[in-house]
Amino acid sequence: MHDDSDSPVLIVDDEEHLRITASQTLELAGYHPEALVSAEAALERLTPDFAGVLVSDIRMPGMDGMSLLREVRRRDPDLPVILITGHGDISTAVEAMREGAWDFLEKPFAGERLVEMVRRGIDKRRLSLENRQLKAELEAQQSAPGPRLVGRTPVMQRLASMVQRISQVEADVLLFGETGTGKDLVARSLHERSVRSGFPFVAINCGAVPEAIIESELFGHEKGAFTGALDRRIGKFEHANHGTVFLDEIESMPLTLQVKLLRVLQERCVERLGANVPTPLDIRVIAATKIDLKAAAEAGEFREDLYYRLNVVTLPIPPLRERREDIPLLFQHFAVVSANRSGLEAPPLNAGGVSTLMAHDWPGNVRELRNLAERYVLLGAAHDYRLEALLDGVEPGPGDMALPQQVELFEKSLISQSLASHRGRIPAVCEHLGLPRKTLYDKLKKYGLKADDYRQAATP
């Protein structure tokens, strides 16, 4: 949902008739060209966030088109430059492409070819600028203290606020959420924002460690404590001293071991297998579960005393279906991470792609969305970047949402994305979405969106 006609087009030529002809052609196509006599004048117009393309003749007095191309490439290698060559000047066109020109036009050229070339160049420039902005945001997120919880929905803003507050106190924490909601990310956020951030963060998946060795893994053992114990082993709890222990899938911990965990939580000390002297511990414990531990305790499947000991502070992690408006933002975030890692680029989602994201039920939550974003970057070209072809073979469905709800979520998401990409600048958002200012303000009020929220730094 982009309006290419608002993207600037600089036309550089010392011949007046060509400047006039090219300008008229682009104006009739809905663009806003600016005709310039010299390359030097064009360079004065170029800024780092210039959102259009540059069309220049090669043969001009003073700085010629090739010199202009080289200078533009030095300043901004992502800016599309279209060079105009003389009839039959193939060697110059080849040199221009080798130097990094986006494309070239051979005189005389048809107006339709100029318009099509400009349209494709503007699409390329938009992709470059959006990726540049997202990469900058990603770098800012990585330089901020702790992993970032991505999302602007009220439920995520509340979660981020609670994480910030709880990270500053020493209470143990229980995280509750479905598989794939990002409980490990929240645990790391709590650790990195706390005074313990300079000490180890030790993650243990209680469901992945064999029951026969889990006690030794957690608490360690002395040499000779059991057959095969040839050396002393420091357990995970002791290794995490002064830091944080994250116990994922706590519901999978054997009942016999839950007794010892309760003792560690209460006494803040650990006793290695085969040792008689307890080792003091200064740790914080964060546990995570995908089931209702209280119900499990009542059913005798989890120790009730351990449940109440863990339940001092509980953070519910919302499933993706309860924060649908964050889905396009999260998708972009994961796509940028994948693009940075792979060195590939993928086009921004169009309206159809966003609609597919919003309609899917996301049973795998954020993990499923992240996997889709990675497939979009790595495999998207083979499927014409159609999300429905990359969705794990699952047909997207609207779940329990009625059509009007889907439309409203889709519209709110598009407005939110535009506010984010234009840093809350209302005139730019109006142009981008093709909305009158009053209509946009009415929709902002309807959806509870505030431009000021997008002018400020994202919630940590």
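Residues numbered from 1 in each chain as written. Predicted model: local features only at pLDDT ≥ 70, side-chain atom pairs only at ≥ 80, totals over all residues. Heavy atoms only, no water.

Here's the deal with the packing of helix 17 (residues 426–433) against helix 18 (residues 437–447)
Working step 1: Remark: helix 17 packs on helix 18, axes separated minimally by 10 Å, with the N-to-C direction vectors making an angle of 100°. Compared by their axis directions, helix 17 and helix 18 come out roughly perpendicular. Of the residues in helix 18, those touching helix 17 at Ile426, Pro427, Val429 and Cys430 are Arg437, Leu440, Tyr441 and Leu444.
Working step 2: Counted by class, the contact of helix 17 with helix 18 contains 7 nonpolar, no polar and 1 charged residues. (Axes fitted to C-alpha atoms, helices over the stretch in contact; angles between N-to-C directions. Helix = DSSP H or I, 4+ residues; strand = E, 2+ residues; numbered from the N terminus. Parallel < 35°, antiparallel > 145°, perpendicular 65-115°, else oblique. Contact = heavy atoms within 4.5 Å. Nonpolar A, V, L, I, M, F, W, Y, C, P; charged D, E, K, R; others polar.)

Quick word on the pairing of strand 5 (residues 103–106)
Within a regular strand, the side chains alternate between the two sheet faces.
Working step 1: With burial as the criterion, only one face of strand 5 is covered, namely that bearing Asp103 and Leu105; the residues Phe104 and Glu106 on the opposite face remain uncovered.
Working step 2: Of the strand pairs in this sheet, strand 4 (residues 81–85) and strand 5 are connected by 4 bridges, and their pairing is parallel. Along strand 5, the bridge assignment pairs Thr85 with Glu106. (Buried < 20%, exposed > 50% of the residue type's maximum accessible area, 1.4 Å probe, protein only. Pairing = 2+ DSSP bridges.)

Here's the deal with the nonpolar core
Working step 1: In terms of nonpolar packing, the biggest core is built from 29 residues, with Leu218, Phe237, Leu247, Ile250, Leu261 and Phe302 touching the most fellow members.
Working step 2: Elements with a contribution of two residues or more to this core: strand 7 (201–205), helix 8 (211–219), strand 10 (244–248), helix 10 (255–267), strand 13 (284–289), helix 11 (293–298) and helix 12 (304–310).
Working step 3: Here the element with the most residues in this core is helix 10; it accounts for 5 residues.
Working step 4: Leave out the neighbours within four places in its chain, and Leu247 touches Ile204, Cys206, Phe237, Leu261, Val285, Ile286, Ala287 and Ala288. (Core = buried A, V, L, I, M, F, W, Y, C linked by side-chain atoms within 4.5 Å.)

Observations concerning a nonpolar patch on the surface
Working step 1: Residues Leu344, Leu378 and Leu379 make up a contiguous nonpolar surface patch of about 260 Å² in total accessible area.
Working step 2: Note on placement: Leu379 falls in helix 15 (residues 365–379). (Patch = residues over 30% accessible without salt bridge, like charges linked within 9 Å, V, L, I, M, F, W, Y side chains within 5 Å. Areas by Shrake-Rupley, 256 points an atom, 1.4 Å probe, with all protein chains shown as cover. Salt bridge = Lys/Arg side-chain N within 4 Å of Asp/Glu carboxyl O.)

Structural notes on unusual backbone geometry
Working step 1: The linkage connecting Lys107 with the following residue, Pro108, adopts the cis geometry, with an omega of -15°.
Working step 2: Within the secondary structure, Pro108 is located in the loop between strand 5 and helix 5 (111–143).
Working step 3: Residues other than glycine seldom take positive phi values, yet Glu249 does so here, at roughly 55°.
Working step 4: Mapping Glu249 onto the fold places it in the loop between strand 10 and helix 10.
Working step 5: Classification of Glu249 as partly exposed rests on a relative accessible area of 25%.
Working step 6: Positive phi outside glycine occurs at Arg268, with the angle close to 55°.
Working step 7: As for its position among the elements, Arg268 is in the loop between helix 10 and strand 11 (269–270).
Working step 8: Residue classification places Arg268 among the partly exposed residues on the basis of a relative accessible area of 22%.

Side note on the environment of Ile286
Working step 1: Inspection of the secondary structure puts Ile286 in strand 13.
Working step 2: Each residue touching Ile286, except ones within four places of it in the same chain, is listed here: Val173, Leu175, Ala187, Leu190, Thr244, Val245, Phe246 and Leu247.

A word on the pattern of salt bridges
Working step 1: Following the criterion strictly, the structure yields 28 salt bridges and no others.
Working step 2: Between Arg70 and Glu99 there is a salt bridge, with the nearest N and O atoms lying 3.4 Å from each other. Placement of the pair is Arg70 in helix 3 (residues 65–75) and Glu99 in the loop between helix 4 (90–98) and strand 5, with a sequence separation of 29 residues.
Working step 3: Three or more residues are tied together by salt bridges with common partners; here these are Asp103, Glu116, Arg119, Arg120, Asp123 and Arg126.

A closer look at the sheet that holds strand 6 (residues 173–176)
Working step 1: With parallel pairing, the 5 strands of this open sheet are ordered in space as 7-10-13-6-14. The two strands at the open ends of the sheet, each matched to only one other strand, are strand 7 and strand 14 (314–316). Along the sheet, successive strands turn relative to each other by an average axial angle of 20°, direction set aside.

Description of helix 7 (residues 183–192)
Working step 1: For helix 7, the set of buried residues is Lys183, Val186, Ala187, Ser189, Leu190 and His191.
Working step 2: Those residues of helix 7 that are buried lie in contact with helix 6 (154–167), strand 6, strand 7, strand 10, strand 13 and strand 14.

Describing the sheet that holds strand 3 (residues 53–57)
Working step 1: On the basis of which strands lie adjacent, the open sheet formed by 5 strands has the order 2-1-3-4-5 and parallel pairing. The open sheet has two free edges, formed respectively by strand 2 (32–36) and strand 5, since each of these has just one partner strand. Ignoring which end each strand starts from, the neighbouring axes of this sheet average 20° apart.
Working step 2: Where helix 1 (residues 16–28) meets the sheet, it contacts strand 1 (8–12), strand 2 and strand 4, and its direction lies at approximately 170° from that of strand 2.

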